[in-house]
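# Close look at the chain arrangement
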Amino acid sequence: MLGGVSDEPILFAAYAGVLGGAERVLLDCVTRLERPLRVACPPGPLADALQSAGIEHVPLEDRGLKRSVAGTAGLTIELTLLRPQTLVAWGAKAVMAAAAVPCKRRIAVHHDLFDSPALRGAVRATTKRSAAVVAASQAIADELDLPATILHPGVDLDAFTPTPLPDGPPRALIAGALVPWKRPDLAVEIARRMPDVDFTFAGEPLPGDPMPELDAPENVTFAGQVDMRAALREHHVLLHCADREPWGLVLIEALAAGRPVVAPAAGGPLEILDRGLFTPGNADDAVAKLRAALADPGEPRLRAVDVRDSVARLDAVLG
């Protein structure tokens, strides 16, 4: 069993009910921690997954994905009414709301990098009210400039297993939400320079956001939401283009599935990869690294992170 058990359930709180990378890490953790716990989040895919896994779900008002003063204050009130003894705030928005919630122990878990100095300062100030800080990567901890336990989220290595590379022409997978900071424009530019390679975008815009305008060449397919394990089996390499990726769970999934990864040499990917790193924003360098990965995939699984390791690190922080 991981850690000791208390009669009082730990309350995990998430601001949104989507099932992005941070929420998938939350799901991985709460389904493996052998402790009394419950998760407060709005309705949506995360709540559905929690209920399917038999985890107690506490409904919260759906405030969308955009941060606002009113939304933060509203979440503070909801969490206060739940009277938690131990509160684990999952993500920056939840951390800011949790800072004013009365409780015996408050833990801040961060998954984001912040472009705005003002926002970074506000998040840092509210994080300092926590008894412990957890960051998905060293890059996040460095940006907050606070002592933190580094989580390095992993995946189930029994679920993501290596398979032989597929037959046919080379195929590159780009997986993630179609949002500007993930740099789908750069991925399209790389595809334009590699007409002999088929590129698949697996992902959609965030709820309420329009599809980005991308002048994609004929070797690009937009597949929408996909089964990642199946998609990785059908592709030769994963391409990731975000200039400032806080961690990159999809990179770990690809490595665990035996697929090489090509990603910018910044943020989380620098802590994950020892090859396939290109200068952020540089399409020519990315093309060269993709060519190298297709010619020699290496042994990607050696860089994969086991979810049991990251869960154990979080469990140690919970005490």
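Note that the structure is predicted; figures quoted are calculated from it, not measured. (Residues numbered from 1 in each chain as written. Predicted model: local features only at pLDDT ≥ 70, side-chain atom pairs only at ≥ 80, totals over all residues. Heavy atoms only, no water.)

### So, the overall build of the protein chain
Helix and strand counts for the protein chain stand at twelve helices and 13 strands. Its C-alpha atoms give the protein chain a radius of gyration of 20 Å, within 12% of the compact-globule value 20 Å for 319 residues. Dimensions of the protein chain along its principal axes, counting C-alpha atoms only, are 60 × 40 × 35 Å. The contacts in the protein chain between residues at least 6 apart in sequence include a share of 64% that link residues at least 24 apart. Carbon and sulfur atoms make up 52% of the accessible area of the protein chain, which amounts to about 13,900 Å² in all. A gap of 6 Å separates the mean positions of the 32 positive and 41 negative side-chain charges of the protein chain. (Helix = DSSP H or I, 4+ residues; strand = E, 2+ residues; numbered from the N terminus. Rg over C-alpha atoms; globule rule 2.2 N^0.38 Å. Contact = heavy atoms within 4.5 Å. Areas by Shrake-Rupley, 256 points an atom, 1.4 Å probe, with all protein chains shown as cover. Lys, Arg positive; Asp, Glu negative; His and termini not counted. Charge placed at Lys NZ, Arg CZ, Asp CG, Glu CD.)

### So, the nonpolar core
Counting residues in each nonpolar core, the largest one holds 67 residues, and the members touching the most others are Phe12 and Trp90. In terms of residue count, the dominant contributor to this core is helix H9 (residues 249-256) (seven residues). Excluding anything up to four places from it in sequence, Trp90 contacts Phe12, Ala13, Ala14, Ala22, Val25, Leu26, Cys29, Val109, His111 and Leu314. If you look at the next biggest cluster of nonpolar residues, it comprises 23 residues, including Leu178, Ala191, Phe278 and Val287. (Core = buried A, V, L, I, M, F, W, Y, C linked by side-chain atoms within 4.5 Å. Buried < 20%, exposed > 50% of the residue type's maximum accessible area, 1.4 Å probe, protein only.)

### Re the packing of helix H1 (residues 21-30) against helix H2 (residues 45-52)
Where H1 meets H2, the axes come as close as 11 Å, and the angle between the chain directions of the two elements is 15°. As the angle between them shows, H1 and H2 are arranged roughly parallel. The handedness of the crossing between H1 and H2 is right-handed. Contacts between H1 and H2 involve Glu23, Leu26, Leu27 and Val30 from the former and Leu46, Ala49 and Leu50 from the latter. Of the residues contributing to the contact of H1 with H2, the split by class is six nonpolar, no polar and one charged. (Axes fitted to C-alpha atoms, helices over the stretch in contact; angles between N-to-C directions. Parallel < 35°, antiparallel > 145°, perpendicular 65-115°, else oblique. Left-handed = near helix turned anticlockwise from the far one by under 90°. Nonpolar A, V, L, I, M, F, W, Y, C, P; charged D, E, K, R; others polar.)

### Digging into the pairing of strand S2 (residues 37-41)
Summarising burial for S2: five of the five residues are buried, a large majority. Burial along S2 is two-sided: Leu37, Val39 and Cys41 and Arg38 and Ala40, pointing in opposite directions, are all buried. Pairing geometry for strand S1 (residues 10-14) and S2, over four bridges, is parallel. Opposite Ala13, over in S2, you have Ala40 as the bridge partner. Tracing the backbone out of S1, into H1 and back to the parallel element S2 gives a crossover that is right-handed. Of the strand pairs in this sheet, S2 and strand S3 (residues 56-59) are connected by four bridges, and their pairing is parallel. (Pairing = 2+ DSSP bridges. Right-handed = clockwise from strand over helix to strand, strands pointing away.)

### Brief notes about the pattern of salt bridges
Within the structure shown, the criterion is met by 20 salt bridges. The partner of Asp156 in a salt bridge is Arg32, with the nearest N and O atoms 3.6 Å apart. Of the two residues, Asp156 is situated in the loop between strand S7 (149-150) and strand S8 (171-175) and Arg32 in the loop between H1 and S2; the sequence distance between them amounts to 124 residues. The partly exposed category is assigned to Arg32, whose relative accessible area is 26%. For the salt bridge of Arg244 with Asp115, the shortest nitrogen-to-oxygen distance reads 3.0 Å. Of this pair, Arg244 sits in the loop between strand S11 (237-239) and H9 while Asp115 sits in the loop between strand S5 (105-110) and helix H5 (117-127), and the two are 129 residues apart along the sequence. Each of Glu189, Arg192, Arg193 and Asp284 takes part in a single network of salt bridges with overlapping partners. (Salt bridge = Lys/Arg side-chain N within 4 Å of Asp/Glu carboxyl O.)

### What about empty space enclosed by the protein?
The probe, sized like a water molecule, is rolled over the atoms to show the empty space still left. One pass over the full model with this rule turns up one cavity of 30 Å³ or more. Lining the largest cavity are 15 residues, with Ile174, Ala175, Gly176, Ala177 and Lys182 positioned closest to its centre. Listed by contribution, the elements that provide at least two residues to the lining of the largest cavity are S8, helix H7 (184-192) and strand S9 (198-202). (1 Å grid on protein atoms, 1.4 Å probe; cavity = no way out; pocket = protein on both sides within 12 Å on 5 of 7 lines; lining within 4 Å. Points joined across faces, edges and corners; volume = space filled by probe spheres on them.)

### So, the layout of surface pockets
When its volume is computed, the second largest pocket comes out at roughly 200 Å³. Per-element accounting of the lining of the second largest pocket gives the leading share, three residues, to helix H11 (residues 283-295). Residues that form the lining of the second largest pocket fall into these classes: nine nonpolar, two polar and five charged.

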